[in-house]
Amino acid sequence: MAESQTEVIRRTIATVFPDYSEDILNSVIDALKAVGVQTLDDLNYVTEDDLLPALRPVQARRLATWARSKSVTPASTSASVCASPPPSHFLTHMVSSSPLSTSSVSSLSPVCTTPSSSINWIDKFEIPWAKLPEELMQCLAREKRPSPKSRREMVRIVVSVVMKVCNSPTRQNITNIAKRMVTMYPKSLQDVIDGDIVGSGYDSLAKQLQVRVENVKRQNTPKIKRRKQVSDEDDTDEITATQRASVQDTYGCVKWDPKYMPVSETVESQNIKKEKMKKMHEDMSYNAEEVKKLVVATYFSQRGDINKGVGIKNLCQEWPFLFKEPGMAAHFEELTGLSLIGTFIGNVERKGKRLLEFFKHVAAPKNKKVQDALIKCQTEKGPSGSYAEIIEMIILLMSHFGEKEENLYHFIEDTCLAHEIQLEKLPPNPCIIVCGSSCFAAQTYMLTIDQEVVNDHITSFMLAVCLMFGSYYVFNIHYPVELRSTLEFLQRCFFSINPERGTKVEWRKQKKVLPANPRVLTLISDLADYEWK
């Protein structure tokens, strides 16, 4: 797609759908490029399925229907984006979501919708700062953190005003309001831990606003519900398994599927480097820096095998360094743009102590599981070890979220060899094998993936956690539901991966999976409040 044409298409879509954020527009353009759209006329052939990786089903349907209903050319778009009436279902959607009276609705006719008349209510909405209590406004003006009680009062007031303007605001509307509120008073409302912004910085406020909206709507819902008529416009369509997997696999990645190998490389040179690494690994004679260079040089071929679905056992044989520290760290950095070990250690140094203090002084007195885990840690850790803080942090995180340790790590005798492990008892997700009776006492750790030992000699718990976490991204593995909160908290706070859309959690039909885990956002918010005490 030529650059000028890309901008024309972007401008046209942004004009017709002004509620699309910059991120959504970027995703749409990427999806269009992926299916070969090069000009405005090519939009006539775009289908709903082409847009599902970037948009929700109804959004995709609206855009695809609009594109097919118009013969789009640069000349026509510059004059007007509404050369013909919008589809009837699109008009219906606009009417039903605006706070118009019934008489107003009945008088509407399918006229041309120009940019000036299609402004969404959210664009005109003003945050009701004047209605907030004086005490709260003083707090915000002085850049102080409001108390949880004052914050809840603020949320109630803002939502009450929103509901008077629109009785069914979308999640995107609420997120927009949260973003504007945090932008106005970042020091008081932003999600931060020890000065580091977590996620977008407004995730927890958006969650509070959304929950309040749902509670208000629930109060106005009749106790007896009629069965909804099935409609083609219902927003409950499922994204296909393949498309969903693609979204989860690429989550947090900046270079998931490189299209071209480096200019200096050929298929033959890639194979030569690959065989060289296999021999280096077999001889157990290698330099870490050399391994990193070879892994980066052959990254294109590695992603090709991984994304084709080559099994873990075969990947171990073909790319053995992907499971060792230098190889995985190099691959992870190419994939995400972040240093696997450097990012983790840096964040632990800045935030680890704060998190532990919160668990000890705030969470433990209220939560019996955290209290028991804290006593266990104090009993087992003895003299402070080199990574005792990380071990304690992981144990307390899991107890706080009520997630079972056997899903993350498994204990064996310290004399047990890799081939002696009862692999069938292990979960299929990446799992740390602790060689000893306690994480604090163990000297050696192993890593299993898909019930296969992929690394039988890891020298520290810190490194084991990094390799375990990195495996989810490098090998396209989804977070298991049983570990969703612990892994997402580590991802956002300690590995600094904070996509605004999508999720890494595996999808299960009976469980609703949200883009941002509410329990994680609550803990982040509680930690931010604790910082100011």
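These numbers were taken from a predicted model, which means no experiment stands behind them.

Regarding the overall build of the protein
In terms of helices and strands, the protein carries 25 helices and 6 strands. Counting every position in the protein, which comprises 533 residues, the buried fraction comes to 47%. Relative to all contacts within the protein whose residues are 6 or more apart in sequence, the contacts with residues 24 or more apart total 68%.

Thoughts on the environment of Val28
Relative to the helices and strands, Val28 is located in helix H2 (residues 22-34). The buried category is assigned to Val28, whose relative accessible area is 0%. For the pair Val28 and Leu51, spaced 23 residues apart in sequence, the C-alpha separation works out to 6.8 Å. Once residues lying within four places of it in the same chain are set aside, the contact partners of Val28 are Ile13, Leu51, Ala54, Leu55 and Leu63.

Focus: the pairing of strand E4 (residues 431-435)
The buried fraction of E4 amounts to 5 of the 5 residues, a majority that puts the element mostly inside the structure. The sheet contact formed by strand E3 (residues 409-412) and E4 spans 4 bridges and is parallel. Pairing of Ile412 across the sheet is with Cys435, part of E4. Sheet topology note: the E4/strand E5 (residues 445-449) ladder contains 4 bridges and is antiparallel. Residue pairing in the sheet places Ile433 in a bridge with Met446 of E5.

Examining the packing of aromatic side chains
For the structure on display, the rule yields 19 aromatic pairs. Ring geometry for Phe17 against Tyr20: centres 5.2 Å apart, planes inclined by 10°, an arrangement best described as stacked. Residue classification places Tyr20 among the buried positions, given a relative accessible area of 6%. An angle of 85° between the planes, with centres 6.2 Å apart, marks the rings of Phe332 and Tyr473 as edge-to-face. Linking Phe332 in helix H19 (residues 325-336) with Tyr473 in helix H23 (residues 461-474), this pair joins segments that are 141 residues apart in sequence.

Some words on the packing of helix H20 (residues 340-366) against H23
For the pair H20 and H23, interaxial distance at closest approach is 10 Å and the crossing angle is 120°. Judged on the interaxial angle alone, H23 and H20 are oblique. The element H20 and its partner H23 pack so that their crossing is right-handed. Between H20, through Leu340, Ile341, Phe344 and Ile345, and H23, the contact on the second element is made entirely by Met462, Leu463, Val465, Cys466 and Gly470. Of the residues in the contact of H20 with H23, the class split is 8 nonpolar, 1 polar and no charged.

Focus on unusual backbone geometry
Note: most peptide bonds trans; most residues except glycine with negative phi. Non-glycine residue Gln451 carries a positive phi angle of around 60°. Turning to its location among the elements, Gln451 is positioned in the loop between E5 and strand E6 (452-458). By relative accessible area, Gln451 is classed as partly exposed at 30%. Positive phi outside glycine occurs at Ser496, with the angle close to 55°. With respect to the helices, strands and loops of the structure, Ser496 is situated in the loop between helix H24 (484-494) and helix H25 (518-531). On the basis of relative accessible area, Ser496 is assigned to the partly exposed category, the value being 30%.

Concerning the sheet that holds E4
Strands sit in the order E3-E4-E5-E6 across an open sheet of 4 strands; the sheet is mixed. If you trace the sheet from one side to the other, it starts and ends with E3 and E6, each paired once. Pairwise comparison of adjacent strand axes, ignoring direction, gives a mean angle of 25° for this sheet. On top of the sheet, H23 reaches E4, E5 and E6; it is set at about 10° to E5, its chief contact.

Quick word on the confidence of the model for the protein
Chain-level statistics for the protein give a pLDDT mean of 81 and a share of 81% at 70 or above. Below pLDDT 50 for its whole length, residues 222-242 participates in 17 contacts with residues either more than four positions away or in separate chains.

Reading guide: rules and limits
Within each chain, residue numbers correspond to sequence positions counted from 1 in written order. Side-chain atom pairs in this predicted model are given and counted only at pLDDT of 80 or more, local residue features only at pLDDT of at least 70, and totals for whole chains, interfaces and linings cover all residues. Only hydrogens and water are set aside when side-chain values are computed; all heavy atoms of the structure are taken into account. Secondary structure elements are defined from DSSP: runs of H or I of at least 4 residues count as helices, runs of E of at least 2 residues count as strands, and each element is numbered from the N terminus. Between buried and exposed lies partly exposed: a residue is buried under 20% and exposed over 50% of the maximum accessible area for its type, with that area taken using a 1.4 Å probe on protein chains only. Contact definition: two residues touch when any of their heavy atoms are within 4.5 Å. A pair of strands is treated as paired once DSSP finds two or more bridges between them. Aromatic pairing here means that ring centres of Phe, Tyr or Trp (its six-membered ring) are within 6.5 Å. Orientation follows from the plane angle: under 30 degrees is stacked, over 60 is edge-to-face, and everything else is tilted. In this analysis an axis means a line fitted to C-alpha atoms, helices contributing only their contacting stretch, and an angle means the value between N-to-C directions, from 0 to 180 degrees. When describing relative orientation, an angle under 35 degrees is termed roughly parallel and one over 145 degrees roughly antiparallel, while 65 to 115 degrees is termed roughly perpendicular and anything else oblique. Each crossing gets its hand from how the near helix is turned against the far one by less than a right angle, where anticlockwise is left-handed and clockwise is right-handed. Each residue gets one of three labels, nonpolar for Ala, Val, Leu, Ile, Met, Phe, Trp, Tyr, Cys and Pro, charged for Asp, Glu, Lys and Arg, and polar for the others, Gly among them. For every residue, the predictor states its confidence as a pLDDT score lying anywhere from 0 to 100.

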